[in-house]
Amino acid sequence: MTDNISADLLFLEKDQKEQQYNKMPYNIDAEQLVLGAVLTNNEALNQIADFLRPEHFYEPVHEKIFATILQFAEKGIVATPITLKNFFDQDEAVKEIGGSKYLVKLATMASALINVVDYSRLVYDLYLKRQLINVGQAVVVKASDGQAAQNANEQIEDAEQSLFNLSAD
């Protein structure tokens, strides 16, 4: 009976390590602070818009909020919780997390944030790490496929191209 318990504990420990290993890196707090900073001061967008894009956010709702803020900025409209209220009160994903109240929460969280660039770079860096993991997983899958049409050198070239594209992002 002791052996079964030990085996079960070993299995659980291995499963926990695999779950931790397979977890994609992200920081929801940093994403929220970036969004809140921009919502409270649209000028902050000028500091980060050259490198931060909506798809860099891990949380899909945050991606949507940032994309909308960028659309407003392109039209010369100030993006605040009030100007975005009608748009996000109709959006089911945002409505699930509180709708326009969530936007107010974001703005409140970041009202005193002065280093929006640092938090934005963190969001971007975590995006790159997630993409790097995806490239690595694709390399493993292709290399493990015994029936793959590509030889190893072609697979290496594809991996190099993927990494180059990622570094140019």
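Residues numbered from 1 in each chain as written. Predicted model: local features only at pLDDT ≥ 70, side-chain atom pairs only at ≥ 80, totals over all residues. Heavy atoms only, no water.

(A) Looking closely at the overall build of the protein. Counting secondary structure elements, the protein contains 9 helices and 0 strands. Starting at the N terminus and ending at the C terminus, the protein contains elements arranged as α-α-α-α-α-α-α-α-α. Across the 169 residues in the protein, those meeting the buried criterion constitute 30%. For the protein, contacts bridging at least 24 residues in sequence account for 69% of all contacts bridging at least 6. In the structure as shown, the protein presents an accessible area of about 11,000 Å², 54% of it carried by carbon and sulfur atoms. (Helix = DSSP H or I, 4+ residues; strand = E, 2+ residues; numbered from the N terminus. Buried < 20%, exposed > 50% of the residue type's maximum accessible area, 1.4 Å probe, protein only. Contact = heavy atoms within 4.5 Å. Areas by Shrake-Rupley, 256 points an atom, 1.4 Å probe, with all protein chains shown as cover.)

(B) Focus on the packing of helix H2 (residues 28–40) against helix H8 (residues 116–144). It is the contact of H2 with H8, at a shortest axis distance of 9 Å, that shows an interaxial angle of 135 degrees. In this view, H2 runs oblique relative to H8, as classed from their interaxial angle. Note that H2 runs across H8; the crossing there is left-handed. Of H8, the residues touching H2 (which contributes Ala30, Glu31, Leu33, Val34 and Ala37) are Val116, Tyr119, Ser120, Leu122 and Val123. Considering only residue class, the contact of H2 with H8 consists of 8 nonpolar, 1 polar and 1 charged. (Axes fitted to C-alpha atoms, helices over the stretch in contact; angles between N-to-C directions. Parallel < 35°, antiparallel > 145°, perpendicular 65-115°, else oblique. Left-handed = near helix turned anticlockwise from the far one by under 90°. Nonpolar A, V, L, I, M, F, W, Y, C, P; charged D, E, K, R; others polar.)

(C) Seen up close, the nonpolar core. Counting 32 residues, the largest nonpolar core has Ile48, Leu52, Ile65, Phe66, Ile69 and Leu84 as its most contacted members. Taken together, the elements giving at least two residues each to this core come down to H2, helix H3 (44–48), helix H4 (60–74), helix H5 (81–89), helix H7 (100–109) and H8. With 7 residues, H2 is the single largest residue contributor to this core. Not counting residues within four places of it along the chain, the set of residues in contact with Ile48 comprises Val34, Val38, Phe66, Val116, Val117 and Ser120. (Core = buried A, V, L, I, M, F, W, Y, C linked by side-chain atoms within 4.5 Å.)

(D) Seen up close, the confidence of the model for the protein. A residue-level look at the protein finds 86% of positions with pLDDT of 70 or above and a mean pLDDT of 86. Within the protein, the element-level pLDDT minimum falls on helix H1 (residues 2–22), averaging 53, and the maximum on H2, averaging 96. (pLDDT = per-residue confidence, 0-100.)

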